[in-house]
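Report on the structure
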Amino acid sequence: MWDDSFPSFLIGLREGLEAGLIVSVLVATLVRAGARSRLAQVWTGVLAAIALSMSFGAVLTFTAASLSTTAQEAFGGALSIVAVAFVTAMVFWMRRSARSLAGELREKVTEALTMGAGVLILTSFLAVGREGLETALFLWTTARAADESAGPLMGAGVGLVLAALLCWGLYRRVLRIDLTRFFTVTGAVLVVIAAGVLGYGLRDLQEGGVLPGGTAFAFDLSGSVDAGSWYSTLLQGVLNLTPAMTWLQVAGYAGYLAVVMPLFVRGARVVRGARGTTPSPSPANPRSDRAAGPAATRRLLLPVAVVAVPTLLAGLVVALADPKPAAGQTVAVSGTDCGQGFTAPKPGRQDFRMHNTGNQTSEVYLIDPSSNAVYGEIEGLAPGTTQDLVATVAGGTYAWRCVPADGKAVTSQAVRVTGAAGAHAVVPVTERDLTAPLTAYKAYVNRGLSTLVTQTRQLGDDIRAGHLDTARTDWLTAHRTYASLGAAYGTFEDFDQRIDGRPDGLPGGVRDQDFTGFHRIEYGLWHGQSAAELKGPAQQLADDAAGLRKAFPHQDFDPSDLPLRAHEILENTLQFELTGDTDQGSGTGLATADANLAGTRELLTVLRPLLTPRAPRLLPAVDADIARLQRLLDSAHHGNRWTPVDRLDPAAKARIDGATGQLLEDLSPVPDLLEIRKSA
């Protein structure tokens, strides 16, 4: 956790020391002036600044939580840029002001003593509040970059506690620190950290669609760098340097360092010309003045009010930004009363209570009647039941469509919602829309099966001739051809089990008579069985391949299988090939995974015309994921040999699993985007 904690530790230490020095000077000045009774006013301003800072952090957190994923990226990226600007200004200001800070504050406090309690509270509030707001903003951005809050908060807490101890030591003259040198060194480190935050912020803005170039990578070392190693974790956590960075990130990172660091170092040399230890606050003078003022209860009202107001304001903002959907309407669902009770809702997230008043199970869609785009849906709402449908509503036209299991679709009367557009809807897909992709993919499978027939016959010829070394090579070629047809396995019926079945669950295991196909031959070729023992299984495989080639054009290929297979092919790869479960001795699981990836790429090619208008940013991300996984698989391919899964370096195995998992995550929306929805 230290890698995520260090940037926050440093900012907590610096900002805490700055704020602590300010408070120490304020307290010491009042004590020396014999105005101890005014200390409560200083602490009131300090507590108000702390309350404002914590409230600011809460507002940032809850505001971001109420936004869409894309808006969150843009919001976080923009605030990262702002945080970099604040931190840059802070390190330059403190480097310049460290020596004169105490004198300036004493002058302000002396003036405030003659102008009443409010001015002294305001002085301490403004002096500490700037540090607190900077700290809250920087902590929020670093926690977001780390994708967790425990490490950054722990680091900041340790830094603040250490800063408090240092300030106490300075106040009591226990410690003497060259603060100019301290702020110079930590400032230089923070400039480097700020460069990483800038790069992270630019990436967020790219992912949020604000800046271009999200897929234009300057480098991608994910194939050779273990993202889970200690050095990679340290670089990512402290410097926000990731294995893959876009050109814009690299330009922002390098440009910031090239401009800011020389300016900072040059200024530090000038300041160092007047070297000396910054005077620490003088110890307390035991004199005090006993104030005769308002009653104790009246003296408490102002501090309580000053601390409570920022907290209440933050609570109000959080309440307004609460991502929970608004309590919505109860809407009837049936073949005759679809949408009864539906009135124009207010913009924002709404919770509609859908109650099936009919006698049939129904599907329910919240749609834009002009385009049939779907904002939300419920599948299989049973008669007499109620289910919540949560959807985001913005400016536009809305209606309900109810589709009973054995009836025609009914569309409610449309309502108009005023306000800015922005609600996300998915244009529905029909069987007709999938006709062209299905035709193209079936043609691809037909070509693959024709090739498979030829290759399995060649494999059989090798075995009959006793050329088992050649048979091993030809076995892998044929098996990769079959593996690349993964999107069609649901239509192959019993042929798939005969051609590519595993011995799992068979009573006799690898010696069971029902263990046939590629894996049966694989077991024999890599476990020393003779050509005579393998002739029968090889002939049966060739016959099954020819039978599948003949049967496939007449088999039922459900169009809805295509979107599902976009995710399921590699899901099976991760579960079986990348765990070694399918390996019967050849050690070619990665070769099969490579073929599965090729099949996924082909499937996405035929689905691309449907996916691009529905999710413009999905395919560029998926293409980058595929390219990354392809490079990792290629690194395990050496000539005609593939590294067996069980012999992979643990770091290489983790990278392949991670890249496959990321690709699966990015492919997961495809089935929902291209789901066939009933409209009649």
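Residues numbered from 1 in each chain as written. Predicted model: local features only at pLDDT ≥ 70, side-chain atom pairs only at ≥ 80, totals over all residues. Heavy atoms only, no water.

**Section: the environment of T491**
Formally: Under the scheme used here, helices are H or I runs from DSSP no shorter than 4 residues and strands are E runs no shorter than 2 residues, and both carry numbers assigned from the N terminus. By definition, residues are in contact when any of their heavy atoms lie within 4.5 Å.
By the secondary structure assignment, T491 is in the loop between α12 (468-483) and α13 (494-500). Sequence-wise, T491 and F552 are 61 residues apart; in three dimensions their C-alpha atoms are separated by 7.7 Å. For T491, the contacting residues outside a window of four places in its chain are F552, Q555, D556 and F557.

**Thoughts on the confidence of the model for the chain**
Condition: A score from 0 to 100, pLDDT tells how confident the predictor is in each residue.
For the chain, the mean per-residue pLDDT works out to 77, and 67% of the residues sit at or above 70. Throughout residues 274-307 the model reports pLDDT below 50, and contacts reaching past four residues in sequence, or to other chains, amount to 56 contacts. Low pLDDT, under 50, characterises residues 313-324; the predicted model gives this stretch 13 contacts beyond four residues in sequence or across chains.

**Considerations on helix α18 (residues 618-634)**
Just so we agree on the cut-off: In a helix, the anticipated span is given by 1.5 Å times the number of residues less one. For the exposure calls, accessible area comes from a 1.4 Å probe over protein chains only, and a residue counts as buried if that area is under 20% of its type's maximum, exposed if over 50%, partly exposed in between.
Spanning 17 residues, α18 covers 24 Å between terminal C-alpha atoms, matching the ideal 24 Å at 1.5 Å per step. Restricting attention to buried positions, one finds in α18 the residues L618, L619, V622, A624, D625, I626, R628, L629, Q630, L632 and L633.

**As for the nonpolar core**
To keep it simple, the criterion reads: Here the nonpolar core consists of buried residues drawn from Ala, Val, Leu, Ile, Met, Phe, Trp, Tyr and Cys, with membership extended through side-chain atoms lying within 4.5 Å.
Core analysis: the largest hydrophobic core is formed by 69 residues, its most contacted members being I463 and L590. With 10 residues, helix α17 (residues 589-614) is the single largest residue contributor to this core. I463 has contacts with L468, A471, I521, A531, L534, K535 and A538, leaving out every residue within four places of it along the chain. Core analysis: the next-biggest nonpolar cluster, separate from the first, contains 21 residues, Y375, A391, Y398 and W400 among them.

**A word on the side chain of D474**
Note the following rule: The charge count treats Lys and Arg as positive and Asp and Glu as negative. His and the chain ends do not count. Take a side-chain nitrogen of Lys or Arg and a carboxyl oxygen of Asp or Glu: if they are within 4 Å of each other, that pair is a salt bridge.
Here D474 shows up in helix α12. Of the side chains with opposite charge, R464 lies nearest to the buried D474, which makes no salt bridge, at 11 Å. Leave out the neighbours within four places in its chain, and D474 touches Q458, L459 and D462.

**Topic: the state of the cysteines**
Here is the rule we go by: Two cysteine sulfur atoms make up a disulfide if the distance between them is within 2.5 Å.
Throughout the structure, instances matching the rule amount to one disulfide. Disulfide partner of C338: C402, at an S-S distance of 2.0 Å. Note on the C338 and C402 pair: the S-S dihedral is about 80°, so by sign convention the disulfide is right-handed. Of this pair, C338 sits in the loop between β3 (326-333) and β4 (348-356) while C402 sits in strand β8 (residues 396-404); the two residues are 64 residues apart in sequence, bridging distant segments of the chain. The class for C402 is buried, based on a relative accessible area of 0%.

**Notes on a nonpolar patch on the surface**
Selection criterion: Patch construction takes residues with relative accessible area above 30% that form no salt bridge. Like charges are linked within 9 Å, and nonpolar side chains (Val, Leu, Ile, Met, Phe, Trp, Tyr) are linked within 5 Å. In this description, accessible areas are obtained by the Shrake-Rupley approach with a 1.4 Å probe, and a residue is regarded as covered only by the protein chains that are shown.
A surface patch of nonpolar side chains, amounting to about 310 Å² of accessible area, comprises L47, I50 and M54. Take I50: it is sitting in helix α2 (residues 39-65). We classify I50 as partly exposed; its relative accessible area is 40%.

**Considering the packing of α12 against α17**
In a pair of packed helices, the angle between the axes and the distance between the axes together describe the arrangement. Cut-off, in case you're wondering: Interaxial angle, 0 to 180 degrees, is taken between N-to-C directions of lines fitted to C-alpha atoms, where a helix line uses only the stretch in contact. Throughout, a crossing is termed right-handed when the near helix is turned clockwise from the far one, and left-handed when it is turned anticlockwise from it by less than a right angle. All residues other than Ala, Val, Leu, Ile, Met, Phe, Trp, Tyr, Cys, Pro, Asp, Glu, Lys and Arg, Gly among them, are scored as polar; the first ten of these are nonpolar and the last four charged.
It is the contact of α12 with α17, at a shortest axis distance of 8 Å, that shows an interaxial angle of 35°. Every pair of crossing elements has a handedness; the one defined by α12 and α17 is right-handed. In contact with L476, H479, R480 and A483 of α12, α17 contributes A591, T592, D594, A595 and N596. Taken together, the residues of the contact of α12 with α17 break down into four nonpolar, three polar and two charged.

**Concerning a negative patch on the surface**
Rule in force here: Taken as the charge centre is NZ of Lys, CZ of Arg, CG of Asp or CD of Glu, depending on the residue.
A cluster of acidic residues, E431, E493, D494, D556 and D558, forms a negative patch on the protein surface. Topologically, D558 is positioned in the loop between α15 (531-551) and α16 (561-575).

**Quick word on the packing of aromatic side chains**
As a reminder, the rule being used: Here is the rule: rings of Phe, Tyr and Trp (six-membered ring for Trp) pair when centre to centre is within 6.5 Å. Planes less than 30 degrees apart are stacked, more than 60 are edge-to-face, and the remainder are tilted. Two conditions define a charge sitting above a ring: the NZ of Lys or the CZ of Arg must be within 6 Å of the ring centre, and it must be within 35 degrees of the ring normal.
All chains considered together, the criterion is met by 12 aromatic pairs. Aromatic side chains F492 and F552 sit 6.0 Å apart centroid to centroid with 75° between the ring planes, which places their arrangement in the edge-to-face category. With a gap of 60 residues between them, F492 in the loop between α12 and α13 and F552 in the loop between α15 and α16 connect regions that are remote in the sequence. Just as F492 is buried, F552 falls in that class too. An aromatic cluster is defined as three or more aromatic residues linked by ring pairs; in this entry it consists of Y441, Y444, W475, Y482, F492, F518, W526, F552 and F557. When the ring centre of W526 is taken as origin, the NZ or CZ atom of R472, which lies over that ring, is 6.0 Å away.

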